[in-house]
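Results of the structural survey
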Amino acid sequence: MAVASAFFRSSTSVFSAAVLLRVVLLVYGLVQDAYSPIKYTDIDYFVFTDAARFISQGQSPYARDTYRYTPLLAWLLYPTTWPGYWFSFGKVLFAIGDIAAGWMMFKILRNHSSMTKERALKFSSIWLLNPMVATISTRGSSEGLLGVIVIALLWAVLARRIALAGFLLGFAVHFKIYPFIYAASIVWWLGQGSTIQKPKSTKGPKSIMSKLANFVTKERIEFALYSIVAFLALNVVMYQAYGHAFLEHSYFYHLVRIDHRHNFSPYNTLLYLNSSPSNISSTSFELERLAFLPQLLLSVVMIPIALAKRDLPSTMLAQTFAFVAFNKVCTSQYFLWYMMFLPFYLPKSTLLQSGRIGGSALILWVLGQVAWLQQGYQLEFLGKSTFVPGLWASSILFFVINTGMLAIVIRDLKLGR
């Protein structure tokens, strides 16, 4: 205990350990890729680097099939086209993004939650020393960069750097669509001055015009304008450079995607049926089309309105958790989207204060993934048809576990924990 306490009293020790963890995984990845038939590098990383190679040849990044991202990502990975060990440049960049996001988490906890240095380092370590986070980035997933942008957005809002916050939101949505859900919570939170504050009660009825006038504040207008201008400016530049292909692959594709591989979503089986034109049924098609309704109703409307003025960071956790759990495509990388908010939620949460509830939730969350992965392994590696009931049942089980955990988070926020 004394050694652990001393470790968390030193920011140098914690961040050095975080860097070392990622260095070890990067080196291990090189060895596994060289000698094992099962590669450490994520398939998406090859997509990113292939797109960068096309750019280096004067072509569009969308010349690479399945590249569904902003061209900015391919440009950031341009050095991977250089000879030698530069191919791993992107993995190093993503790992640095992880560290930078963890540093900002530490600063937010110190400056806005009034935590001691030791306590702030402990909770930042949920991200910094998390093997899952480090593995995903060092395998070549770009979620580490997204983590920097989103946590920087949170810092800017809490510091009331409105122009910067607006720019970061516009940039984040351009980089990956889902951060648009945070706009509702941030706009609602900007009506008051602290991260945890219950709405003030008012006496007497107010007219609609009066309520609207109170809602439309200078900060909210400034935030909206900067975010819209940043988003549109980036899109105009990319459209001028790459035309309709940019819109098609970066945005429109995600509205109709039917990915079913590595997908923990309960819509998995329906998406599989829809992936084969001969098996499309009107029922599955309609269900897939309606998938966004409960997802957006929860993450964009109900959760922000009910909770944002109580605790902005934890509300962003609840929003993201709902968005991922109810999304028709849910892969393990998406879990990082809400894990980055855990250091802000856990300190006063039921999950941490009650060892029985917290431990049970963690065990169930892991077992839910194990159950799905066991069925997925039989399907994708052994060629066994496990869609019904195995894969479908495990998807439903994982969804139930996630909604149960979401209910705990929402309850904690309603009770002011």
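Residues numbered from 1 in each chain as written. Predicted model: local features only at pLDDT ≥ 70, side-chain atom pairs only at ≥ 80, totals over all residues. Heavy atoms only, no water.

Overview of the overall build of the chain
Rule in force here: A run of H or I in DSSP counts as a helix once it spans at least four residues, and a run of E counts as a strand once it spans at least two, with each numbered from the N terminus. Here the term buried applies to any residue with accessible area under 20% of the maximum for its type, exposed to any over 50%, and partly exposed to those in between, with areas from a 1.4 Å probe on protein chains only. Note on definitions: a residue-residue contact is assigned when non-hydrogen atoms from the two residues lie within 4.5 Å. Per-residue and other accessible areas were derived by the Shrake-Rupley procedure at a 1.4 Å probe size, with only the shown protein chains allowed to occlude residues.
For the chain, the count of helices and strands is 22 helices and zero strands. Among the 417 residues that make up the chain, the fraction classed as buried is 48%. At a minimum sequence separation of 6, the contacts of the chain that also span at least 24 residues come to 72%. Here the chain has roughly 20,000 Å² of accessible surface; of this, 68% comes from carbon and sulfur atoms.

Describing a nonpolar patch on the surface
Stated formally: Grouping into patches uses exposed residues only, defined as over 30% relative accessible area, and leaves out salt-bridged ones; the cut-off is 9 Å for like charges and 5 Å for nonpolar side chains (Val, Leu, Ile, Met, Phe, Trp, Tyr). Any carboxyl oxygen of Asp or Glu that lies within 4 Å of a side-chain nitrogen of Lys or Arg is treated as forming a salt bridge with it.
Among the surface-exposed residues, Val19, Leu20, Val23, Val24, Val27, Val31 and Tyr35 lie close enough to one another that they form a single nonpolar patch of about 680 Å² accessible area. Mapped onto the elements of the fold, Val31 is located in helix 2 (residues 11–35). On the basis of relative accessible area, Val31 is assigned to the partly exposed category, the value being 44%.

Observations concerning the UniProt feature "transmembrane region" (unreviewed entry) in the chain
To keep it simple, the criterion reads: UniProt positions are given in the numbering used here, feature names are shortened, and annotations may be inferred rather than shown by experiment.
Under the UniProt annotation, the feature "transmembrane region" (unreviewed entry) is placed at residues 12–31, 85–106, 127–156, 162–190, 223–242, 320–345, 357–374 and 386–410. Annotated as residues 85–106, this span is 82% helix and 0% strand, and its ends, taken at the C-alpha atoms, are 32 Å apart. A helix fraction of 100% and a strand fraction of 0% characterise residues 357–374, whose end C-alpha atoms lie 25 Å from each other.

Some remarks on the side chain of Asn130
Which entries qualify depends on this criterion: Polar contacts, as used here, are pairs of N or O atoms within 3.5 Å; protein pairs need one atom able to donate a hydrogen and one able to accept it. Residues neighboring in sequence count only if both atoms are side-chain atoms.
For Asn130, the location among the structural elements is in the loop between helix 6 (117–128) and helix 7 (131–138). On the basis of relative accessible area, Asn130 is assigned to the buried category, the value being 16%. From its side chain, Asn130 meets the backbone oxygen of Ile126 in a polar contact 3.2 Å long. Once residues within four sequence positions are removed from consideration, Asn130 is found in contact with Leu21, Ser125 and Met339.

Let's talk about the confidence of the model for the chain
Operational definition: Per-residue confidence from the predictor is reported as pLDDT, which spans 0 to 100.
Counting all residues, the mean pLDDT for the chain is 88, and 90% of those residues have values of 70 or more. When the elements of the chain are averaged for pLDDT, helix 15 (residues 282–289) gives the smallest value, 54, and helix 9 (residues 162–175) the largest, 97. Overall, residues 193–202 carries pLDDT values under 50, and its contacts beyond four positions in sequence, including any with other chains, amount to 18 contacts. Predicted confidence is poor over residues 280–285, with pLDDT under 50, and the contacts of this stretch with residues over four places away or in other chains come to six contacts.

Brief notes about the nonpolar core
In plain terms, the rule: Put simply, a nonpolar core is a bunch of buried Ala, Val, Leu, Ile, Met, Phe, Trp, Tyr and Cys residues held in one set by side-chain atoms that sit within 4.5 Å of each other.
Grouped together as the largest cluster of nonpolar side chains are 106 residues, with contacts concentrated most on Tyr67, Tyr178, Tyr182, Phe335 and Phe341. In terms of residue count, the dominant contributor to this core is helix 8 (residues 143–158) (eleven residues). Other than its neighbours up to four places away in sequence, Phe335 contacts Met132, Phe264, Val324, Cys330, Trp365, Gln369 and Phe398.

Notes on unusual backbone geometry
Positive phi, normally seen in glycine, also occurs at Thr66, with a value near 70°. The residue Thr66 is located in the loop between helix 3 (43–56) and helix 4 (71–76) in this model. A relative accessible area of 41% places Thr66 in the partly exposed class. Not every positive phi belongs to a glycine, and Ser114 is a case in point at roughly 55°. By the element assignment, Ser114 lies in the loop between helix 5 (89–112) and helix 6.

Quick look at helix 16 (residues 292–307)
Rule in force here: A helix is expected to reach a length of 1.5 Å times the quantity of its residues less one.
For helix 16, spanning 16 residues, the distance from its first C-alpha to its last is 21 Å, which sits close to the expected 22 Å at 1.5 Å a residue. For helix 16, the complete set of buried residues consists of Gln295, Leu298, Ser299, Ile303, Pro304 and Leu307. Each element contacted by the buried residues of helix 16 is listed here: helix 10 (182–189), helix 17 (312–325) and helix 22 (387–414).

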